[in-house]
Amino acid sequence: MCAIRHKTIRDKSMFTGIIEEVGTIAELITGAEPYGGARLVIRAHQALQNGASGSTKLEEGESIAVNGVCLTAKEITAETFSADLSPETLQRSSLGGLKTGSPVNLERAMTPSTRFGGHIVQGHVDGVGKLLALEPLMDGNYWLSVEIPSELERYVVWKGSISLNGISLTVANLEVNRVGVALIPHTYENTALRKMKPGDPVNVECDVLAKYVEKLLSALEIPPGASRRLAKPSRLTVEKLIEEGF
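Criteria and thresholds
- Residues numbered from 1 in each chain as written.
- Predicted model: local features only at pLDDT ≥ 70, side-chain atom pairs only at ≥ 80, totals over all residues.
- Heavy atoms only, no water.
- Helix = DSSP H or I, 4+ residues; strand = E, 2+ residues; numbered from the N terminus.
- Buried < 20%, exposed > 50% of the residue type's maximum accessible area, 1.4 Å probe, protein only.
- Contact = heavy atoms within 4.5 Å.
- Areas by Shrake-Rupley, 256 points an atom, 1.4 Å probe, with all protein chains shown as cover.
- pLDDT = per-residue confidence, 0-100.
- Core = buried A, V, L, I, M, F, W, Y, C linked by side-chain atoms within 4.5 Å.
- Pairing = 2+ DSSP bridges.
- Axes fitted to C-alpha atoms, helices over the stretch in contact; angles between N-to-C directions.

S.K.: Quick one: what's the story with the overall build of the chain, residue by residue and with numbers?
M.R.: Summing up its helical and strand segments, the chain has 5 helices and 13 strands in all. The buried share of the chain, taken over its 246 residues, is 43%. Of all intrachain contacts in the chain linking residues separated by at least 6 positions in sequence, the fraction that spans at least 24 positions is 69%. Put simply, the chain shows about 13400 Å² of open surface, and 53% of that area lies on carbon and sulfur atoms.

Given below as structure tokens:
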């Protein structure tokens, strides 16, 4: 997963979900079965040379999000870079199913001067969903429907943020564990979503704010048998925080 680099000003695992480039898989080298890791070799151009906001060339040990998964760049050449996949990464994401030629969304880690165009994306995938439909609308827009793992549904709210294959998107419709998202033409044309079809796996990362709020709220629960005068249940909810702009 992500490496710690003390000499760089890039955050080791902070992204915004704004895709810089669509790269392609040059090679997937699998390790020992059944519990070994793997290595990806990815062909890219912009991410290798100059990222968003005129940033410097990609360096070995730097973090980069590949389809929303935070990886550490190694063996950088003029056209490719490689990244090791741990068994945990293979289990939690769809990267192990990629093939030579598969398109992948790429985003380098944030810098202090980077515009924060999306939302806080860590590159720590929560689970793998499934693309249900990608339907064309008027004027080059699209409607994306994704089934997410049922255990993640509690972290997703209407009009909240969600990362799908590393793309920062806004939840436009939510029916239990089915998420609907409206894609503008730019998102469709400049990400790997346009190559996907129903049934394809989708890496899902929920808004980290929801997980922190759940943890904080659970600490406010009154233990069985305790007097209610000792603590009052909090009326703070994820929905209320989002309404207030958090």
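S.K.: An account of the environment of Glu 239 is needed here, citing residue identities and associated values.
M.R.: Position of Glu 239 among the secondary structure elements: in helix 5 (residues 238-243). Its relative accessible area of 44% is what places Glu 239 among the partly exposed residues. On a C-alpha basis, the gap between Glu 239 and Ala 210 in space is 9.2 Å, while along the polypeptide they are 29 residues apart.

S.K.: Give a detailed account of the confidence of the model for the chain, specifying residues and quantitative values.
M.R.: Taken residue by residue, the chain gives an average pLDDT of 85. The fraction at 70 or more is 79%. Considering only residues more than four positions removed or in separate chains, one finds that residues 3-11, a stretch of pLDDT under 50, has 22 contacts.

S.K.: Go over the nonpolar core, please, and point to the residues and values.
M.R.: Soluble globular proteins tend to pack their nonpolar side chains together in the buried interior. Leu 144, Ile 162, Leu 164, Leu 169 and Leu 183 are the most contacted members of the largest nonpolar core, which has 25 residues in total. When residues of this core are traced back to their parent elements, those giving at least two are strand 7 (127-136), strand 8 (142-147), strand 9 (161-164), strand 10 (167-170), strand 12 (178-183) and strand 13 (201-206). The contacts of Leu 144, once residues within four sequence positions are left out, are Leu 131, Ala 133, Leu 134, Leu 164, Leu 169, Val 179, Gly 180, Val 181, Leu 183 and Leu 193. Membership of the second largest hydrophobic core comes to 21 residues, among which are Ile 25, Leu 58, Ala 73 and Leu 95.

S.K.: Give me the lowdown on the environment of Ser 63, citing residues and values where you can.
M.R.: Within the fold, Ser 63 resides in strand 3 (residues 63-66). In this structure, the C-alpha to C-alpha distance between Ser 63 and Arg 108, residues 45 residues apart in sequence, is 6.6 Å.

S.K.: Describe the sheet that holds strand 5 (residues 80-85), with residues and values.
M.R.: With antiparallel pairing, 6 strands are arranged side by side in an open sheet as 4-3-6-1-2-5. Two strands lie at the open edges of the sheet, namely strand 4 (69-72) and strand 5, each paired on one side alone. Averaged over neighbouring strand pairs, the angle between their axes works out to 40° when direction is ignored. Looking at chain direction, strand 3 and strand 4 are connected through 4 bridges and run antiparallel. By the bridge assignment, Ala 65 is partnered in strand 4 with Cys 70.

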